[in-house]
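# Structural characterization, general
Each chain, letter by letter, is given below.
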Amino acid sequence: MSRSASISAARTPNASATIAGFGAILLWSLLALFTAASGTVPPFQLAAMTFLVGGLCGCATWIARPSRARVLVQPWPVWLLGVGGLFGYHALYFSALRLAPPAEAGLINYLWPLLIVLFSARLPGSGGLRRGHLAGAVLGLAGVAALFAGRGDLDFAAGALPGYVASLAAAFVWAGYSVLSARVGQVPTDAVAGFCLVTAALSLVCHLAFETTVWPADAVQWGAVLLLGLGPVGAAFYLWDIGCKRGDVRLLGVTAYAAPVLSTLILVATGYASPSPVLALACLLIVAGALTAVQASRAVRGA
């Protein structure tokens with residue numbers, strides 16, 4: 001990245017930006033619910049539709065101020081980061097779901113919050129890797145592992161190795177995108193709209209190449225697709241960009257483990273899943289991890 005696009009060495013996390021990042025995590029907890037309600041739309045088709053909605057929502061803010069569209073004029077490394085992060089992650093994760101059982105692929109993929117904590121130690125002014133952040137991330141990962149293991153269907157078969165590799169690669173891509181976004185802090189969040197639109201176009205190409213088109217069957221399914229585009233695949237990426245660029249990236253990494261647990265709680269509340277003792281254990285571990293990370297972040301600010 002160019003020197004002009006990089007953040008200053010003395011990077012101080014902004015509390016409101018961190019809260020914005022938390023908003024993205026909350027929206028991602030609705031992903032499973034809206035996806036389940038969207039019917040049998042193939043993954044790349046669903047990505048094309050929802051990223052189109054998310055991108056157009058971002059562009060809508062330019063109607064009052066057309067000059068803001070100039071944010072799309074960015075160096076090619078910025079575009080590579082943005083599109084590579086959004087499309088690259090989803091393409092790898094969808095491939096993993098095709099090549100490996102969803103539970104195993106999902107568990108491996110949830111290494112990305114831990115990777116964010118590890119990678120963020122390289123950020124200027126981060127103060128290095130704090131034990132509290134690392135311990136919080138490990139507790140969070142343990143909570144997610146307990147959640148997945150509680151389903152009783154984990155079976156890491158050798159034949160699904162390509163899917164596991166794709167899922168792990170997706171985790172590295174998303175963690176890299178999140179942390180590198182902090183290094184291009186001067187790039188306005190409005191640029192995410194362009195990244196979403198290009199991601200939608202690339203997803204459409206993949207859909208036409210690999211999938212059969214299946215449209216939502218009724219108003220409920222169309223509504224779920226629209227809500228996906230407005231929230232988990234729309235506003236969430238703008239909020240995450242704000243959080244990563246100006247907030248506490250390590251704290252966001254640890255608290256991201258709340259997304260699958262909140263998602264499961266929402267599925268339970270809406271009748272798509274059943275409650276279990278394992279879910280309570282996962283909640284306790286993730287809350288403990290988040291509190292540990294919060295203490296570590298306070299120690300950094302007080303240092």
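As annotated in an unreviewed UniProt entry, the protein is EamA family transporter from Methylobacterium mesophilicum SR1.6/6.

Looking now at the overall build of the protein. The number of helices and strands found in the protein is 13 helices and zero strands. Going from the N terminus to the C terminus, the protein shows its helices and strands as α-α-α-α-α-α-α-α-α-α-α-α-α. Against the 2.2 N^0.38 benchmark of 19 Å for 303 residues, the protein shows a C-alpha radius of gyration of 19 Å, consistent with a compact globule. A buried classification covers 49% of the 303 residues belonging to the protein. Counting only contacts in the protein whose residues sit at least 6 apart along the sequence, the fraction spanning at least 24 positions is 89%. Counting every atom, the protein has about 13500 Å² of accessible surface; 70% of that belongs to carbon and sulfur. Where the 16 positive side-chain charges of the protein centre and where its 8 negative ones centre are 20 Å apart.

Turning our attention to helix α10 (residues 219–246). An ideal rise of 1.5 Å per residue puts 40 Å on 28 residues; α10 measures up with 39 Å between its terminal C-alpha atoms. Between a side-chain oxygen at the N-terminus of α10 and the backbone nitrogen of Val220 the separation is 3.2 Å; the capping residue is Asp218.

This next bit is on the packing of helix α5 (residues 102–109) against helix α7 (residues 131–149). Packing of α5 against α7 brings their axes to within 10 Å, and their N-to-C directions diverge by 180°. When the axis of α5 is compared with that of α7, the two are roughly antiparallel. Note on element contacts: α7 touches α5 through Val144, Ala145 and Phe148, opposite Ala103, Gly106 and Leu107. Class assignment of the residues belonging to the contact of α5 with α7 gives a composition of five nonpolar, one polar and no charged.

This part takes up the packing of aromatic side chains. This model, assessed by the stated rule, comprises 16 aromatic pairs. Judged by centre distance (5.3 Å) and plane angle (85°), the rings of Trp79 and Phe195 are edge-to-face. Remark: Phe195 occurs in helix α9 (residues 192–210) and Trp79 occurs in helix α4 (residues 76–99); sequence separation between them is 116 residues. A relative accessible area of 23% means that Trp79 is categorised as partly exposed. What makes Phe195 buried here is its relative accessible area of 5%. Three or more aromatic residues joined by ring pairs make a cluster, and in this case those are Trp28, Phe51, Tyr89, Tyr93, Tyr110, Trp112, Trp174, Tyr177, Phe237, Trp240 and Tyr257.

About the cut-offs
- Residues numbered from 1 in each chain as written.
- Predicted model: local features only at pLDDT ≥ 70, side-chain atom pairs only at ≥ 80, totals over all residues.
- Heavy atoms only, no water.
- Helix = DSSP H or I, 4+ residues; strand = E, 2+ residues; numbered from the N terminus.
- Rg over C-alpha atoms; globule rule 2.2 N^0.38 Å.
- Buried < 20%, exposed > 50% of the residue type's maximum accessible area, 1.4 Å probe, protein only.
- Contact = heavy atoms within 4.5 Å.
- Areas by Shrake-Rupley, 256 points an atom, 1.4 Å probe, with all protein chains shown as cover.
- Lys, Arg positive; Asp, Glu negative; His and termini not counted.
- Charge placed at Lys NZ, Arg CZ, Asp CG, Glu CD.
- Expected span 1.5 Å × (residues − 1).
- Polar contact = N/O pair within 3.5 Å; in protein donor to acceptor, adjacent residues only side chain to side chain.
- Axes fitted to C-alpha atoms, helices over the stretch in contact; angles between N-to-C directions.
- Parallel < 35°, antiparallel > 145°, perpendicular 65-115°, else oblique.
- Nonpolar A, V, L, I, M, F, W, Y, C, P; charged D, E, K, R; others polar.
- Phe/Tyr/Trp six-rings, centres within 6.5 Å; stacked < 30°, edge-to-face > 60°.

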